[in-house]
Amino acid sequence: MQWNCCSLRARREELKQFLSTSCTSYDAICIQETFLKPKQNFQLTGYDAVRKDRGEQEQGGGVATFIKSDIPYKIINMDTDVECVIVQITLKNLTLHLVNVYSPPNTDIKLDEYRKFFQLRNCIITGDLNAKSAMWKNIETNQKGKHLKSLLDEFNYVIINTGLPTHQIAGGGTNILDLTLVCPNLSLKCSWTALNSKLGSDHNTTFTTLNENKLVQNETKPK
């Protein structure tokens, strides 16, 4: 599950209600714009939390990945100024890298920084990238979208979004800002959807399903 919550503490009850009534148990939940500060506690029952918070004097932002407590994982500490959390998750047939990213609207995608993510083996990159492109059904294309498309081409990654909107524009209309990018050897094993459910935010919840039955551990590395 991926979701830009626009304040995790403000949406606490909506999220917990959604999880308690969902017919699916999510192995990992990637959340952007948590607005959490380092001294603030936030827990989801049955999950371990890995967070990257902004400083006490900084506004907004923050990312958190919640991993189901019975799933083995380790935190990948990468030298990058991108607002992200990276975890390595051990599944039955695969060791998966999951990158949870928030890229604010007023920043650009730095190609050298993002290449570090794309070079990870067995990788899914998900989050609110604020990148627009006709390639993933936005009406307009911005500079971020152009840079992201160049990375997709360079590493043969696939955006598995289906064209469903993920963001409600305040003045009306929708955008596709929340993206899920999958390395080439996993792209045919993943499916994606978005619910018309924002849980109080202005972003829809999105979901990626990875079919473990189709996985082979020693697949070709991404170039």
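Residues numbered from 1 in each chain as written. Predicted model: local features only at pLDDT ≥ 70, side-chain atom pairs only at ≥ 80, totals over all residues. Heavy atoms only, no water.

1. A word on the pairing of strand β6 (residues 83-90)
In plain terms, the rule: Per-residue accessibility, obtained with a 1.4 Å probe over protein chains only, is compared with the maximum for each type, and a residue is labelled buried under 20%, exposed over 50%, and partly exposed between these values. Elements are defined by DSSP. Helices are runs of H or I of four residues or more, strands are runs of E of two residues or more, and each kind is numbered from the N terminus. A pair of strands is considered paired only if DSSP assigns at least 2 bridges between the two.
Burial analysis of β6 places seven of its eight residues in the buried class, the great majority of the element. The pairing of strand β5 (residues 73-75) with β6 spans three bridges and is antiparallel. Within the sheet, the bridge partner assigned to Ile75 lies in β6 and is Val87. Both β6 and strand β7 (residues 95-102) contribute to a ladder of eight bridges, which runs antiparallel. Following the sheet pairing, Thr90 is matched in β7 by Thr95. Connecting β6 to the antiparallel partner β7 that follows it, the hairpin turn spans four residues.

2. A closer look at the sheet that holds β6
Spatially, six strands are ordered β5-β6-β7-β8-β12-β9 in an open sheet, and the strand pairing comes out mixed. Each of the sheet's edge strands pairs with one partner strand only, and the pair in question is β5 and β9 (158-159). With two bridges joining them, β9 and strand β12 (residues 178-182) adopt antiparallel strand pairing. Looking at the pairing, Ile159 lines up with Leu181 of β12.

3. Observations concerning the pattern of salt bridges
Our working rule: When a carboxyl oxygen of Asp or Glu is within 4 Å of a side-chain nitrogen of Lys or Arg, the pair counts as a salt bridge.
Counted under the stated rule, the structure contains eight salt bridges. Here Arg51 makes a salt bridge to Asp53, at a shortest N to O gap of 2.7 Å. Assessed through its relative accessible area of 26%, Arg51 is described here as partly exposed. Across the pair Asp112 and Arg115 runs a salt bridge, and its minimum N-O distance is 2.8 Å.

4. With respect to the packing of aromatic side chains
Selection criterion: Two rings from Phe, Tyr or Trp (for Trp, the six-membered ring) form a pair when their centres are within 6.5 Å of each other. A pair whose planes differ by under 30 degrees is stacked, one over 60 is edge-to-face, and the rest are tilted.
Summed over all chains, the structure comprises seven aromatic pairs. Between Phe18 and Tyr26 the ring centres are 6.4 Å apart and the planes differ by 10°, which places this aromatic pair in the stacked class. Comparing Phe18 with Tyr26, the two get one shared label, buried. Taken together, the aromatic side chains of Phe18, Tyr26 and Phe207 make up a single cluster linked through ring pairs.

5. Considering the confidence of the model for the protein
Short version of the rule: pLDDT is a residue-level measure of predictor confidence that goes from 0 to 100. In this description, contact between two residues means that some pair of their heavy atoms is separated by no more than 4.5 Å.
Overall, the prediction assigns the protein a mean pLDDT of 94, with 96% of residues at 70 or greater. Considering only residues more than four positions removed or in separate chains, one finds that residues 217-223, a stretch of pLDDT under 50, has 19 contacts.

6. So, the state of the cysteines
Our working rule: Cysteine sulfur atoms that come within 2.5 Å of each other are treated as a disulfide pair.
Evaluation of the coordinates by the stated rule reveals zero disulfides. Cys123 provides the cysteine sulfur closest to Cys30, a residue in no disulfide bond, and the two sulfurs are 11 Å apart. Take Cys190: it sits in no disulfide, and the sulfur closest to it among the cysteines is that of Cys183, at 7.8 Å. The exposure class assigned to Cys190 is buried, which follows from its relative accessible area of 12%.

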